[in-house]
Every structure is written in structure tokens, then in C-alpha cells.
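Chain by chain, the residues:
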Amino acid sequence: MRTVLIEMLLASLACMFFAIVYNTPKKELVFCWLFGGIGYGIYYYLVKFCSMGTFANFFGAFAIAILARFTSNRREIPVMVYVLPSVFPLSPGGNMYNACYALIMNNLDMAMTETMKCIKIVGMCVIAILIVLSLPEGIFKNRDKAKA
Amino acid sequence: MNSRNILEFAVTTGERMLANGCGTHRIEGLINKILEPCKFRNHEIFVTTTGIVITVESVDEGVITVMKQVPKKKMHTEHISLIEDIVNSFVAGELTAEQALVELKNADSKATYPYWITILAYGMAGCFRTLMFGGQIIDGLVSVCVGVCMGIFVQALNAKNTFTFLVNCCGGFVVGFLAVLFMRFGMGSMLDKIIIGTLMPIAPGVPFVHSVNDILHGDYTSGMTRAYEAILTAAAISTGVAFAMILWKLLGGNVSL
């Protein structure tokens, strides 16, 4: 459990600094920090303790997208401002780099494996985000009014 | 109401959104929102990742078409939210088209993060990614130094409007070269972890997610453009790193990666 918390902290900090690279507004940095940590925490927990494969990415991205949707409705800021930096630890940038590097180094087996992994991860993340984004607006609005 | 002004406002909005890295379906929705209440007889919008075409058929001025090309892009989510605010106040009738256009121009020059914070962010994001990949603390420290150097390099080249492939290639080269240099002087324990962690801020993970998002939304043109961009970026970065490794081998170091 302690490793999960440490990983969450690291991931959330990475998200926050990545959000600065994407020029996120200063007031929204806290949310990127929080959502990134939560999303990666869920992913890491599922991979580590439930031995889930790529499906863990789905649940991580799902949590991020739902949280982002609520916040964006409350603060009237586009959803993607929260989603894109927060999904950074889950996104397969490293796999993509590995695949290209293996291709250049003539290591075709590894290139193929990494490419497939990359496509799987991207598919899972995007399907999760899309499902949440295509949910009707009403779900998020009503809950918001009840809270306020 | 002057349809020319409204059209100029609409096309400038689209151009700014596209230049700041927004998805095309979102831009189409936004321009629709601008043009809908203006009582044109007909309007058509076509947005791709590299340009915008808007045609309007108004009662007194006939058919007007405006086209705009957007060659260079970067991610800037603060501008996106500012522009959405401006559009919302235009739709609500608080601003006329001319005022909104001036506001757009102002929003573009709005101060963002200071230079050194952006540079540091490149380093720190790389550092935490290195630690997440399982690096030691010393690897993280090396990663900060290398990442800051990479940030300075990438920003400087981008400011000079260099060819994107070359920017990424140089970024990869700087990271590979400096990482081996640090290892040479006994700092850092795992070379591959340092390199991959530091490269994460410019590695195209998030752009790839964005592109597949576009494709599943039905924007095949812009989605494929983005996907090719992402793949080319990955290729450029790894070419740069490979060059650095080859250079070190030629210089007589024993690099195993």
C-alpha cells in the first residue's frame, strides 16, 4: 500500500509539471495535480494487486475523465484542459519512443511488442475518455446543483 | 450587423484555437456557436488540422468565403479557456464582433508562465517520470539537469521557427548525449531509465491520445494528421538518441543500450 501512495505522489507531481509545459492556467494546476495522482493510483493499484493488464488504463482514464467532467462543469473551463495533462502518466509516450528506438536499433521483436502495447494502451484510454465525454450533460449538471 | 466583421472574428477564433492545440470537432462547434445567432441564410464550416474554411451566405452581401492556414502549433490550454470565455460573452451579446476581435488579440499576448518556470517544468516532469520508471534518487537529479538543458534547447529552437522534426531530433540528441556524459562521470545508475524518463515531456504520448480521440469522434482527416505527427515525433526523438549513442561509440566509450 505504501508503494501505491508513493507512486501516486510521484505521478501527481509529474502531472503538475507537465501541465505547466502545456501552459495550463495557474488556478487549475491543483486539479491536474490531484486528478493525475488519482488516475495513476487507480491504475497502479489494479496492476499491482488485481494483476490486471491494459484494462487498468481504462479505469484510470475513466476516473480522470469523470472527475474532469465534474470540475469543468463547476468552473466552466473546457474538459480537455484537465484531461490532457492528467492522462500523461497513463499515456504510452515511453512505449512509442521504445518502439521507434528498437526499430532503429534493428530489434524488430521488441519494436512490434512495444507498438502493440502502445496501441492497446491508447485505445483503452481513449475509449474511457470518450464514454465519459459522451454521457449526457444532465448527469453532471444535476449533481452539481444538489451540491451547491 | 456587419457579416464581414463577424466572419473575421469567427475565423480568427478558429485560427487561435487551432494554433493552441484544440481538437477540430470542438472548433467546429465553437464557430457554429458564433455564427448561429447571426441570422445568415446558410453557413458551412470545414476545419482540418492545418487550416480553416468558412463560407457564409447572407441576405444583403451574398456569399463570402474566408480561408486561413495554420502552419505552426503548440499546446496552450490557458489561451483555449480564455478564447472560450470571449466567445461565450460574444454569444451572450456583451461584446460586438469588433470588440471581440480586439479581445482575441489581447488574449494572445496574455502573460503565461515565466521562461525559467517552463524550463524547470520540463526538468521536473522528466525527473518524476524517471523515478516512476524505477530509477534511483540520483537518476532523478541527473534527469532534472538533463531535462532543463533539453527544455532550453527545445524552446530556443521553437522560438526560431525551426523545422519540427529537427527540433525533436536535437532534443533527443541533447538528452542522449548529456545522459551518457553524466553516467561517464559516475552520476546516475540506470542509463535507459534516465533517458526515457527525461524524454517523456516531449515524447508524443498525450498527442497520440488526442489524435485517437479525434479519429473516434469521426474526424479522420485531422486525427490521422495528428497521429502521423505523433509517430514522426517519436521517430525524430529516437533518431536523435541513436545519433548520440553512435557518437559516443565513435568517441570510444562503451555504451550498451
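This section reports on the structure supplied with the text. Worth saying up front: this structure is predicted, and the values here are computed from it rather than measured. (Residues numbered from 1 in each chain as written. Chains lettered and ligands numbered in written order. Predicted model: local features only at pLDDT ≥ 70, side-chain atom pairs only at ≥ 80, totals over all residues. Heavy atoms only, no water.)

As for the sheet that holds strand 3 (residues 62–69) of chain B
Residues and elements named next belong to chain B.
Stage number 1. Pairing within the open sheet is antiparallel, and its three strands lie in the order 1-2-3. Of all strands in the sheet, those with a lone pairing partner are strand 1 (42–47) and strand 3, marking the two edges. With direction set aside, neighbouring strand axes in the sheet form an average angle of 5 degrees.
Stage number 2. Two strands pair when backbone bridges link them, and strand 2 (residues 51–58) and strand 3 are joined in this way by eight bridges, in the antiparallel orientation. Paired with Val-53 across the bridge in strand 3 is Met-67.
Stage number 3. With respect to the sheet, helix 1 (residues 3–19) is in contact with strand 1, strand 2 and strand 3, its orientation differing from that of strand 2 by roughly 160 degrees.
Stage number 4. Strands strand 1 and strand 2 of the sheet are contacted by helix 2 (residues 24–35), whose axis makes an angle of about 160 degrees with strand 1. (Pairing = 2+ DSSP bridges. Helix = DSSP H or I, 4+ residues; strand = E, 2+ residues; numbered from the N terminus. Axes fitted to C-alpha atoms, helices over the stretch in contact; angles between N-to-C directions. Contact = heavy atoms within 4.5 Å.)

Quick word on unusual backbone geometry
Residue and element names in this part refer to chain A.
Stage number 1. With phi around 60 degrees, Asn-23 is a residue other than glycine that occupies positive phi space.
Stage number 2. Summarising the element assignment, Asn-23 is placed in the loop between helix 1 (2–21) and helix 2 (29–49).
Stage number 3. According to the relative accessible area criterion, Asn-23 is buried, its value standing at 10%.
Stage number 4. Backbone geometry at Asn-106 places phi at a positive 65 degrees, although glycine is not the residue there.
Stage number 5. Classification of Asn-106 as exposed rests on a relative accessible area of 62%. (Buried < 20%, exposed > 50% of the residue type's maximum accessible area, 1.4 Å probe, protein only.)

Describing the packing of helix 7 (residues 164–184) of chain B against helix 8 (residues 191–199) of chain B
Residues and elements named next belong to chain B.
Stage number 1. Between helix 7 and helix 8, the shortest axis-to-axis distance is 10 Å and the interhelical angle comes to 145 degrees. Our pair here, helix 7 against helix 8, has a crossing hand that is right-handed. Residue-level contacts link Gly-172, Val-175, Gly-176, Ala-179, Val-180 and Met-183 of helix 7 to Leu-191, Ile-194, Ile-195, Thr-198 and Leu-199 of helix 8.
Stage number 2. Looking at the contact of helix 7 with helix 8, its residues break down into eight nonpolar, three polar and no charged. (Left-handed = near helix turned anticlockwise from the far one by under 90°. Nonpolar A, V, L, I, M, F, W, Y, C, P; charged D, E, K, R; others polar.)

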